[in-house]
Amino acid sequence: RMADCPVLIAEDRNKEVTAIVHCNLYHINRGLPKELIKSLIDQFNSNPKDIYLYIGSHIHKENYIYDKYPQRATNELIWKDAIEKIGENYHIDIEKAILNQLKEYDLAEIKISPINTYTDKKYASHCAAYNGNLNKMGQNIVGFYYKDAE
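Residues numbered from 1 in each chain as written. Predicted model: local features only at pLDDT ≥ 70, side-chain atom pairs only at ≥ 80, totals over all residues. Heavy atoms only, no water.

Caption draft 1: Layout of the nonpolar core. Residues L8, I28, I37, L53 and W79 are the most contacted members of the largest nonpolar core, which totals 31 residues. Of all the secondary structure elements, the ones that give two or more residues to this core are β1 (7-12), β2 (17-22), α1 (25-29), α2 (32-44), β3 (51-55), α3 (76-79), β6 (89-92) and α4 (94-101). Here the element with the most residues in this core is α2; it accounts for 4 residues. Other than its neighbours up to four places away in sequence, I28 contacts C23, P33, I78, W79, I94, A97, I98 and Q101. (Core = buried A, V, L, I, M, F, W, Y, C linked by side-chain atoms within 4.5 Å. Buried < 20%, exposed > 50% of the residue type's maximum accessible area, 1.4 Å probe, protein only. Helix = DSSP H or I, 4+ residues; strand = E, 2+ residues; numbered from the N terminus. Contact = heavy atoms within 4.5 Å.)

Caption draft 2: Layout of the sheet that holds strand β7 (residues 109-112). An order of β2-β1-β3-β7 is seen for the 4 strands of this open sheet, with the pairing classed as mixed. With one partner strand each, in any of the chains shown, β2 and β7 form the two edges of the open sheet. Adjacent strand axes in the sheet meet at a mean angle of 15°, parallel and antiparallel pairs treated alike. Taken strand by strand, α2 contacts β1, β2 and β3, and its axis lies near 155° from that of β2. Across the sheet, α4 lies against β1, β3 and β7, angled at about 170° from β7, the strand it touches most. (Pairing = 2+ DSSP bridges. Axes fitted to C-alpha atoms, helices over the stretch in contact; angles between N-to-C directions.)

As structure tokens, this is what we get:
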């Protein structure tokens, strides 16, 4: 379940293993996206070049706004160029923060959902609901499945 924070799905198609994590600001700060990839490498001997990563729908930088620097964003390397002060507010680019920590890996592919949960009418958004848009209350479900081979 999610509303504004992306779900990451990493798949090693050669080893036929998949891992999934929910990444809020705290999880991103502590390096969970990198640990997701590392878990496939360590636990299944995956080659990074065989790993496909999907970054699910999430709130985008233009809408993910704090009135002060986010206290949980303490890892400078992860948040480099991912938090921008515009006027009196701080815009958080969680997509950039995720990509920052995956630079050392040469993955097969990284696909990023273009869906902005804050603005897309089909998706719930905690931030939009908090800001008064009660139609955005709720949660979204993100997952994956495999089709039977025929």
